[in-house]
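Secondary and tertiary structure notes
As a plain string of letters, each chain reads:
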Amino acid sequence: MADKGAPIPVTQPAILETRGPGSVKVDLDVNGVSRVVHLEPRVSLLDALREQMALTGSKKGCDQGTCGACTVWVDGRRVLSCLTLAISCEGREVTTIEGLAEGDELHPMQRAFLEHDAFQCGYCTPGQIMSAVALLNEGHAGTDGEIAEWMSGNICRCAAYPLIRSAIREVRDRKTGQ
Amino acid sequence: MRAIGYTRATDVHSAVEAVTSDPGSSFLAGGTTEVDLLRLDVLRPHRLVDINRLPLTGIEERADGGLLIGALARMSEVAEDPAVVERFPMLSQALLLGASAQLRHMASMGGNLMQRVRCAYYRDPESACNKRVPGSGCSALEGVHRGHAILGTSEHCIATHPSDLAVALVALDAVVHVEGMDGARSIPVDDFFLLPGDTPEREHPLTPGELITAIEVPALPMARRSLYLKVRDRESYEFALASAAAALALEDGVIREVRLALGGVATKPWRARRAEDVLMGERAGDAAFTRAATAELAPATTRPMNAFKAELARRTLVRALRTVATTGGGTA
């Protein structure tokens, strides 16, 4: 290769750019749509979704990583959007409850929650559903005990747990053809 | 939350240099403790250096049976790694009994070791706390301290170390690999956690800007029979009131080698060396197990609300030992 001027000093660390603390341009991929938003680095993914993108399906319960109402997927994994900084999600695929249905066709887990009446007030439901679909993909829904353990990060103050488990069982068994 | 700057690191050296040269900045890994404490105004960095894209996510199997786990491997990945499950079941169990599925996908192994205590007075900037504001006092001493420590305490701090993972790691003699501007070094995990003593604000022997790059778990064939037993107020998604990591090597019913550690009761992940010393060469059974647990808890300093923890820890240790001795571990 031709030597173009001074050699690149490979041992020299990269000069890292600092963005913020004021508002900065952030590129996000949410439910398969590229979005450009302007926000401060301290803004959580949850606040960015709700306040800047009008995606209010993800709920703010505790805002401290305790209740699971804000559960979304980042690169296919269920995470808590209240403890995730929006700016840290650049280049990742974010999926929210709004991205679950295929057009007007509800996701089977959404339908099962309706059919089994797996909620009362409904506030925790988007987080429950995002967690439940991920749970089936993770393969930890073999027994009721296993479902309870692997759904323990989603709190339901109406205590709809038995019916949430019914909904998850139904989708699990349909998937496995039982 | 205060305003913060954000820097995305692309390699270890520049990340270390960024934080070292700017004392008001902090590394950001999974963020499960850090973002929470930023919002509570307990941590106040003016800039976060995001290390999540650094190439520190691998789990390398060593030919001798050990493992080198990247600092940014997530708790969920390590918990389900086949080599971890087979060689160090207590490690997998400790990870799976911690936090929730969502938090385990977020939290990194290095970040787990750096997590802060859950003491309500530490988390509340209005309260006196020597860890948060050195010299301000300790509200927990006369306050609500049911969950607080009974081993390794000082008159300045009685906060319990919250990690389950770290309890398994001290039992396994893991080694923490760190990198700073002066190069790389290795710290035995037991030395990585400092007792509060007179300086509870100092939790780790790290210099500012030093970064955990990996956790090494040395080969330990006996750990294939091992267990992490966790006792708590509710069955899931809760910190330990008492926990025990145990591995046993028996020969004709006699204990040839033993590794024990306690969680939920001490100011650091607690290697139970007194109990180990009692058990060496003894016949495995409840008599020896009880003597060992009693010896370990003998120096406990209890307070009105957490006095129950001494007996709870003894029973937890005995049950963990009994389970490993009779079933070889698995799920307790």
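Residues numbered from 1 in each chain as written. Chains lettered and ligands numbered in written order. Predicted model: local features only at pLDDT ≥ 70, side-chain atom pairs only at ≥ 80, totals over all residues.

**As for the overall build of chain B**
Filter applied, for reference: Counting from the N terminus, the helices are DSSP H or I runs at least four residues long and the strands are E runs at least two residues long. Taken over C-alpha atoms, the radius of gyration is set against a globule rule of 2.2 Å times the number of residues to the power 0.38. To sort residues by exposure, count the other C-beta atoms lying within 10 Å of each residue's C-beta; 20 or more gives buried, 12 or fewer gives exposed, and values between give partly exposed, all with C-beta atoms placed from the backbone. Think of it this way: build a C-beta for each residue from its backbone, and any pair within 7 Å is a contact.
Regarding its fold elements, chain B presents twelve helices and twelve strands. What you see for chain B is a C-alpha radius of gyration of 19 Å, in line with the 20 Å of a compact globule of 332 residues. Taking the principal axes of its C-alpha atoms as reference, chain B extends roughly 60 × 50 × 35 Å. Relative to its full complement of 332 residues, chain B shows a buried share of 56%. When contacts within chain B are restricted to residue pairs at least 6 apart in sequence, those whose partners lie at least 24 apart make up 63%.

**Examining the interface of chain A and chain B**
Selection criterion: Each residue gets one label: Ala, Val, Leu, Ile, Met, Phe, Trp, Tyr, Cys and Pro are nonpolar, Asp, Glu, Lys and Arg are charged, and the others, such as Gly, are polar. By definition, two strands form a pair when at least two bridges between them are found by DSSP.
On the chain B side, the residues contacting the 29 residues of chain A number 29 residues. When residues of the side of chain A that touches chain B are traced back to their parent elements, those giving at least two are strand E1 (18-19), strand E5 (77-80) and helix H4 (144-150) of chain A. In terms of residue class, the side of chain A that touches chain B is made up of eleven nonpolar, eleven polar and seven charged. Of the pairings in the sheet, the one linking E1 of chain A to strand E1 (residues 5-8) of chain B comprises two bridges and is antiparallel in character. Looking at the pairing, threonine 18 of chain A lines up with threonine 7 of chain B of E1 of chain B.

**Brief notes about the pairing of E5 of chain A**
Residue and element names in this part refer to chain A. The side-chain alternation of E5 yields two buried faces, one formed by Arg77 and Val79 and the other by Arg78 and Leu80. For strand E4 (residues 71-74) and E5, the ladder comprises four bridges, and the chain directions are antiparallel. Along E5, the bridge assignment pairs tryptophan 73 with arginine 78. Between E4 and the antiparallel strand that follows it, E5, lie two residues; aspartate 75 among them carries a positive phi value of about 50°.

**What about the sheet that holds strand E3 (residues 47-50) of chain B?**
The line we're drawing: Only the stretch in contact is used when a helix axis is fitted, and all axes are lines through C-alpha atoms; the angle between N-to-C directions ranges over 0 to 180 degrees.
Spatially, four strands are ordered E1(A)-E1(B)-E3(B)-E2(B) in an open sheet, and the strand pairing comes out mixed. The two strands at the open ends of the sheet, each matched to only one other strand, are E1 of chain A together with strand E2 (25-28) of chain B. Against the sheet, helix H1 (residues 12-20) of chain B makes contact with E1, E2 and E3 of chain B, and its axis sits at roughly 150° relative to E2 of chain B, the strand it touches most.

**Remarks on the domain arrangement of chain A**
All names here are of chain A. This is how it is decided: An automatic or database domain assignment supplies the start and end points of every domain.
Each domain of chain A was delimited in the assignment, giving domain 1 (24-99) and domain 2 (108-175). Residue-level contacts link 13 residues of domain 1 with eleven residues of domain 2. Ranked by residue count, the leading element in the side of domain 1 that touches domain 2 is E4, at three residues. Class assignment of the residues belonging to the side of domain 1 that touches domain 2 gives a composition of six nonpolar, five polar and two charged.

**Quick look at helix H5 (residues 89-96) of chain B**
Among the eight residues that make up H5 of chain B, eight are buried, leaving the element largely enclosed by the rest of the structure. For H5 of chain B, every residue scored as buried is listed here: Pro89, Met90, Leu91, Ser92, Gln93, Ala94, Leu95 and Leu96 of chain B.

**Brief notes about the sheet that holds strand E6 (residues 175-180) of chain B**
Sheet strands pair via backbone hydrogen bonds, and the direction of the pair is either parallel or antiparallel. Residues and elements named next belong to chain B. Spatial strand order, E4-E5-E8-E6-E7: five strands in an open sheet with antiparallel pairing. Each end of this open sheet is capped by a strand with a single partner; those strands are strand E4 (59-61) and strand E7 (183-188). Ignoring which end each strand starts from, the neighbouring axes of this sheet average 20° apart. Strand direction decides the pairing type here: strand E5 (residues 67-70) and strand E8 (residues 211-217), joined by four bridges, are antiparallel.

**Description of the pairing of E4 of chain A**
Bridge analysis of E4 of chain A against strand E6 (residues 93-95) of chain A gives two bridges, and the strand direction is antiparallel. Counted as the bridge partner of tryptophan 73 of chain A is threonine 95 of chain A from E6 of chain A.

**Digging into the confidence of the model for chain A**
Just so we agree on the cut-off: The pLDDT value expresses, per residue, how confident the predictor is, ranging between 0 and 100.
The predicted model of chain A has a mean per-residue pLDDT of 93, with 91% of residues at 70 or higher. pLDDT under 50 marks residues 1-5 of chain A. Its contacts with residues more than four places away, or in other chains, come to zero contacts.

**Looking at helix H11 (residues 286-297) of chain B**
All names here are of chain B. We apply this condition: For a helix, the expected span equals 1.5 Å multiplied by the residue count minus one. When we speak of the arc, we mean the arc of directions from the helix axis to the C-beta atoms.
With twelve residues, H11 extends 16 Å between its outermost C-alpha atoms, agreeing within 8% with the 16 Å of an ideal straight helix rising 1.5 Å per residue. Within H11 the residues assigned to the buried category are Ala288, Phe289, Ala292, Ala293, Glu296 and Leu297. Looking down the long axis of H11, one finds its buried residues gathered within 160° of arc, a one-sided arrangement. Buried residues in H11 make contact with helix H10 (273-279) and helix H12 (308-327).

**Concerning the packing of helix H2 (residues 108-115) of chain A against helix H3 (residues 125-138) of chain A**
All names here are of chain A. Here is the rule we go by: These descriptions rest on fixed angle ranges, namely under 35 degrees for roughly parallel, over 145 for roughly antiparallel, 65 to 115 for roughly perpendicular, and the rest for oblique. Left-handed is the label given to a crossing in which the near helix is rotated counterclockwise from the far helix by less than a right angle, and right-handed is the label when the rotation is clockwise.
Orientation of H2 relative to H3, taken along the N-to-C sense of each, is 125°, at an axis distance of 10 Å. The pairing of H2 with H3 is recorded here as oblique in orientation. Judged by the sense of rotation from one axis to the other, the crossing of H2 with H3 is right-handed. Here H2 contributes Met109, Gln110 and Phe113 to the contact with H3, which in turn contributes Thr125, Ile129, Ala132 and Val133. Here the residues of the contact of H2 with H3 are counted per class, giving five nonpolar, two polar and no charged.

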